[in-house]
Amino acid sequence: MANKKKTLITTLAVLSTTYVGLRTIAKKKQPDSIYDNEPEEKNPLEGKKVVFVEDENDQVNADGVKGHLEDIGDENIQENIYDTKIKRGIDIIISFFGLVLLSPLFLIISLLIKIEDPGPVFFTQKRVGKNKQYFKLHKFRSMKMNTPHDVPTHMLENPEQYITKTGKFIRAHSLDELPQIWDIFIGNMSIIGPRPALWNQDKLTALRDKYDANNVKPGLTGLAQINGRDELELEEKARLDGEYVKKRGPMTDAKIFIDSLGVFGGDSSIVEGGTGKEVGRSYTKGKTNEELIGHIGFGQPVVPDLTACKHVLIVGENSYIGETFKEYASHYYKNNYLFDVVDSIPDNSGVAEYEKIDFSKYDIVYHVAGIAHADVSHVSDEVKEKYYQVNTDLALRVAKKAKIEGVPEFIFMSSMIVYGDSAPYGKEKIITSSTVPSASNFYGDSKLQADVAIRELAVDTFKVIVLRPPMIYGKNSKGNYPLLAKMAKKLPIFPDVDNRRSQLYVGNLCEFLCQIMLVDMRNSQTNDVVLFPQNSDYVRTSDLVREIAITSHKPTLRLRILSPFVALASHMPGKIGRLTNKAFGNNIYDMALSQYEGIDYQKVDLRESIILTEGR
């Protein structure tokens, strides 16, 4: 009891000191943040009521219209105790704890920005605040140093050329907006309010004046953001902002805050270019749990025939897994395999290379073509449809062609993703022989639909093997591993937390493939088999980071003290929570699923695999 009391007192003392320090800094920075030190940058129309006058002689403004603002009188601002006392108090408390708790994330993003494109970590931009007072809005810099400063991204010519890789990531996950927590703490913004306009968005500024929407502090989110965000026309956006001003109060702010969690947490109703039609395939419809799970394992001991020579067609040119497997087998099993690799992408005539060749000469068709590593939030129906076209339809067409043309064996690369997302941080997820596949997003479902449909094609003369591997990593691999490796090499500290994940080193996968392809499937007890290759040991994320750092001669300090921050971040709504759980959540296969009598493929342990991956 005494220790708990001491810990509580220490924590309160640290928080109090931190708060006083931050408030002192905020008070010192406030004048500069509203251009008191740069009077020429202030808004000459501050405190004035304005209208927008179109004029062909003016330059095009940030709204894409030629014109300017004209003064028509003074603003009539009416504030109440909620605005000046209650709401401001809530803003200070929430923003303070936000700054403290998210400080590790601030540090990580800052380092990534500095590493990729040296220059300032933060991007400041002149924005319109309360009463049309200009202030400096802060964001994490997501664009290169040579980007035009006061031009909205959508108005840039070829904007992709200016966005950094880190910037693309933090934008996709709304992390670039986090520094605005400081703008709230310092007093230039509020949590709830109209989004701050650019200083040269004259038409939007005038429309907001029409609805008195410039009379309150701008916010991180508002009524317009939960009703369509940037897809709204300016007039409608301004009208909704004005509606908020009229109805503002504790209940309105609470409702907008809660609704915003849904929008920014991945509300599927917010997409660009959506058709309104349901996207997907229905091969899993009506299937029993047993049919979805499939026949796990060979059902009997197997022996790879090391005297056999197999002619293998790899469908998916330039595939990381396909190319790595071919190279591995050609080196270690050079007398057992002949390979051909074929492209699956249609040429100018609309016909893919695989469609032009005769499959009948092959012993095995190994299908590796597919789209992976999806950012599944805020994705249009067109993009989702593309995943089904490639991951489901293409795979099924290739399998049917193989069956019709007499190929004895077809191997399909499914994925652990068919079982859904990782369990949140602190919770277990163990996939066993009785766990039913249940995809949590379109990417996983596109794999699951193919997984089920291809297995249905299996007969005595056409054997099907489906692999559901966990995350595959290795030298030059793609996906999540390179990002984690980059962080491990650059970050001086990393959270030391307990979690377990199944992973598969690409060398172990290649050994697995080499052995199972040499198994004579003609005597198999079943026509279709589902296999779960993985490394011999589960891995903690912090152990993986440690091994990468050591191998790269840039040791990272792992700190248990950061565990509470990870736990808190894992419960945050939206992208932050999802990313935290993706990195530190639990997701493992029962080891019994991955052991097959007669197959010895788990040759490389974690340390050796990282040395082989990161070594030069």
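Residues numbered from 1 in each chain as written. Predicted model: local features only at pLDDT ≥ 70, side-chain atom pairs only at ≥ 80, totals over all residues. Heavy atoms only, no water.

## Description of the overall build of the chain
Our working definition: Strands here mean DSSP runs of E at least two residues long; helices mean DSSP runs of H or I at least four residues long; both are numbered from the N terminus. Contacts are residue-level and defined by heavy atoms, with any inter-residue pair within 4.5 Å sufficient. Working definition of accessibility: Shrake-Rupley area with a 1.4 Å probe, residue cover restricted to the visible protein chains. Charge assignment: positive for Lys and Arg, negative for Asp and Glu; neither His nor the chain ends contribute. Positions of charges follow a simple convention, taking NZ of Lys, CZ of Arg, CG of Asp or CD of Glu.
Counting secondary structure elements, the chain contains 19 helices and 18 strands. Here the analysis covers contacts within the chain between residues at least 6 apart in sequence; of these, 80% occur between residues at least 24 apart. Carbon together with sulfur atoms contributes 54% to the accessible area of the chain, which is approximately 29,800 Å² in total. Side-chain charges of the chain comprise 78 positive and 81 negative groups, with the mean position of each set lying 6 Å from the other.

## What about a nonpolar patch on the surface?
For clarity, the threshold we go by: A patch consists of residues whose relative accessible area exceeds 30% and which take part in no salt bridge; residues with like charges are grouped when within 9 Å of each other, and nonpolar side chains (Val, Leu, Ile, Met, Phe, Trp, Tyr) when within 5 Å. Any Lys or Arg side-chain nitrogen located within 4 Å of an Asp or Glu carboxyl oxygen qualifies as a salt bridge.
A cluster of nonpolar side chains, contributed by Ile81, Ile86, Ile90, Ile93, Ile94, Phe97, Leu101 and Leu568, occupies part of the molecular surface with about 690 Å² of accessible area. Element by element, the count of residues in the nonpolar patch is highest for helix α2 (residues 81-101), at seven residues. Inspection of the secondary structure puts Ile94 in helix α2.

## A look at the nonpolar core
Operational definition: Throughout, nonpolar core names a set of buried Ala, Val, Leu, Ile, Met, Phe, Trp, Tyr and Cys residues whose side chains join them through atoms within 4.5 Å. Three exposure classes are used, based on accessible area relative to the maximum for each residue type with a 1.4 Å probe and protein chains only: buried under 20%, partly exposed in between, and exposed over 50%.
Ranked by size, the top nonpolar core spans 96 residues in total, and within it Phe325, Tyr366 and Leu467 carry the most contacts. Leave out the neighbours within four places in its chain, and Leu467 touches Ile411, Phe412, Met413, Ser414, Ser415, Leu509, Phe512, Leu513, Ile516 and Leu531.

## Thoughts on the packing of aromatic side chains
Filter applied, for reference: Paired rings are identified among Phe, Tyr and Trp, the last through its six-membered ring, by centres lying within 6.5 Å, and are further divided according to the angle between planes into stacked (under 30 degrees), edge-to-face (over 60) and tilted (the rest). A ring has a charge above it when a Lys NZ or an Arg CZ is no more than 6 Å from the ring centre and no more than 35 degrees off the ring normal.
Overall, the coordinates contain 23 aromatic pairs when judged by the stated rule. Geometrically, the ring pair formed by Trp182 and Phe185 is tilted, given 5.8 Å between the ring centres and 35 degrees between the ring planes. Of this pair, Trp182 and Phe185 both sit in helix α5 (residues 180-186), separated by three residues, roughly a single helical turn. Phe185 matches Trp182 in its accessibility class, with the two residues each being buried. Ring plane angle 25 degrees and centroid distance 5.5 Å describe the contact between Tyr473 and Tyr481, whose orientation is recorded as stacked. For the pair Tyr473 and Tyr481, a shared accessibility class is recorded, and that class is buried. Grouping aromatic residues by their ring pairs yields a cluster made of Tyr19, Phe96, Phe97, Trp182 and Phe185. When the ring centre of Phe185 is taken as reference, the NZ or CZ atom of Arg23 above it lies at 5.0 Å. Its end group placed over the ring of Trp199, Lys126 keeps NZ or CZ at 5.0 Å from the ring centre.

## Things to note about the side chain of Ser415
Rules: Any pair of N or O atoms that falls within 3.5 Å is considered a polar contact. Within protein, one atom must be able to donate a hydrogen and the other to accept it, and sequence-neighbouring residues count only if both atoms are side-chain atoms.
Along the chain, Ser415 falls in the loop between β10 (409-413) and β11 (430-431). Residue classification places Ser415 among the buried residues on the basis of a relative accessible area of 14%. A distance of 3.0 Å separates a polar side-chain atom of Ser415 from the backbone nitrogen of Ile417. If we ignore the near neighbours within four places in the chain, the residues touching Ser415 are Leu467, Arg468, Pro469 and Tyr589.

## Digging into helix α10 (residues 320-332)
Rule in force here: How far a helix is expected to stretch is found by multiplying one less than its residue total by 1.5 Å.
Along its 13 residues, α10 runs 18 Å from first to last C-alpha, staying within 8% of the 18 Å computed at 1.5 Å per residue. Buried-residue contacts for α10 involve β7 (310-315), β8 (337-342), β9 (364-367), β10, β13 (471-473) and α15 (506-516). The opening residue of α10, the one whose side-chain oxygen lies 3.4 Å from the backbone nitrogen of Ile321, is Ser319.

## Quick look at the environment of Tyr481
Among the structural elements, Tyr481 can be located in helix α14 (residues 480-490). Filtering out sequence-adjacent residues up to four positions away, Tyr481 remains in contact with Met471, Tyr473, Leu544, Ile548, Ile610, Thr613 and Glu614.

## Remarks on unusual backbone geometry
At Tyr35, a position not held by glycine, the phi torsion is positive, near 65 degrees. Among the secondary structure elements, Tyr35 is positioned in the loop between α1 (2-33) and β1 (48-54). Unusually for a residue other than glycine, Asn318 sits at a positive phi of about 65 degrees.

## Looking at the confidence of the model for the chain
If pLDDT is low for a region, its predicted coordinates should not be looked at in detail. Spelled out, the test is: Each residue carries a pLDDT score, the predictor's own confidence in it, on a scale running from 0 to 100.
Confidence along the chain averages 88 in pLDDT terms, with 92% of residues attaining 70 or more. Here residues 265-277 scores under 50 on pLDDT; set against residues more than four positions off or in separate chains, the count is 23 contacts.

## Looking at a negative patch on the surface
Together, Glu317, Glu323, Glu327 and Glu353 give the surface a local cluster of negative charge. Note on placement: Glu353 falls in helix α11 (residues 353-356). Overall, the relative accessible area of 36% leaves Glu353 in the partly exposed class.

## Structural notes on the pattern of salt bridges
Here the structure, examined in full by the defined rule, presents 40 salt bridges. Lys287 is paired through a salt bridge with Glu456; the nearest N and O atoms lie 3.1 Å apart. Pair noted here: Lys287 is in the loop between α8 (250-264) and α9 (289-293) and Glu456 is in the loop between α13 (442-455) and β12 (463-467), with a separation of 169 residues, a long-range link. Residue Lys287 is classed as partly exposed on the basis of its relative accessible area of 22%.

## Observations regarding the sheet that holds β7
In plain terms, the rule: DSSP bridges decide pairing: two strands pair if at least two such bridges lie between them. Inter-axis angles, ranging from 0 to 180 degrees, are taken between N-to-C directions of lines fitted to C-alpha atoms, where helices are fitted over the stretch in contact.
With parallel pairing, six strands are arranged side by side in an open sheet as β8-β7-β9-β10-β12-β16. Of all strands in the sheet, those with a lone pairing partner are β8 and β16 (528-531), marking the two edges. Across this sheet, the average inter-strand angle for adjacent strands is 20 degrees, counted without regard to direction. The pairing of β7 with β9 spans four bridges and is parallel. Considered in β9, the bridge of Val315 is made with His367. The strands that α15 touches are β8, β9, β10, β12 and β16; relative to β12, the one it contacts most, it runs at about 165 degrees.

## Considerations on the packing of α2 against helix α3 (residues 103-116)
Selection rule: Angle categories: roughly parallel below 35 degrees, roughly antiparallel above 145, roughly perpendicular from 65 to 115, and oblique for all the rest. Residues were grouped as follows: Ala, Val, Leu, Ile, Met, Phe, Trp, Tyr, Cys and Pro as nonpolar; Asp, Glu, Lys and Arg as charged; and all remaining residues, including Gly, as polar.
Contact geometry for α2 and α3: axes closest at 4 Å, N-to-C directions at 55 degrees. Taken together, the axes of α2 and α3 lie oblique to each other. The residues of α3 that touch α2, namely those facing Leu99, Val100 and Leu101, are Ser103, Pro104 and Phe106. Here the contact of α2 with α3 is built from residues that sort into five nonpolar, one polar and no charged.

## Section: the packing of α14 against helix α19 (residues 606-614)
In the contact formed by α14 and α19, the axes pass within 13 Å of each other and the chain directions differ by 90 degrees. Relative to α19, α14 is oriented roughly perpendicular. Residue-level contacts link Tyr481, Ala485 and Lys489 of α14 to Ile610, Thr613 and Glu614 of α19. Residue composition of the contact of α14 with α19, grouped by class: three nonpolar, one polar and two charged.

## A short note on the environment of Gln595
Looking at the secondary structure, you find Gln595 in the loop between β18 (588-589) and α19. Classification of Gln595 as exposed rests on a relative accessible area of 53%. Each C-alpha atom of the pair Gln595 and Gly242 lies 64 Å from the other, and the pair is 353 residues apart in sequence.

## A short note on the pairing of strand β4 (residues 134-140)
Both faces of the sheet carry side chains from a regular strand, because those side chains alternate between them. In terms of burial, β4 is largely enclosed, as seven of its seven residues are buried. Residue alternation in β4 divides its side chains into two sets, Tyr134, Lys136, His138 and Phe140 and Phe135, Leu137 and Lys139, and both sets are buried. For strand β3 (residues 122-128) and β4, the ladder comprises seven bridges, and the chain directions are antiparallel. Its bridge partner lying in β4, Phe123 is registered against Lys139. Where β3 folds back on β4, the antiparallel hairpin that results is connected by five residues, among which Asn131 adopts a positive phi of roughly 65 degrees.

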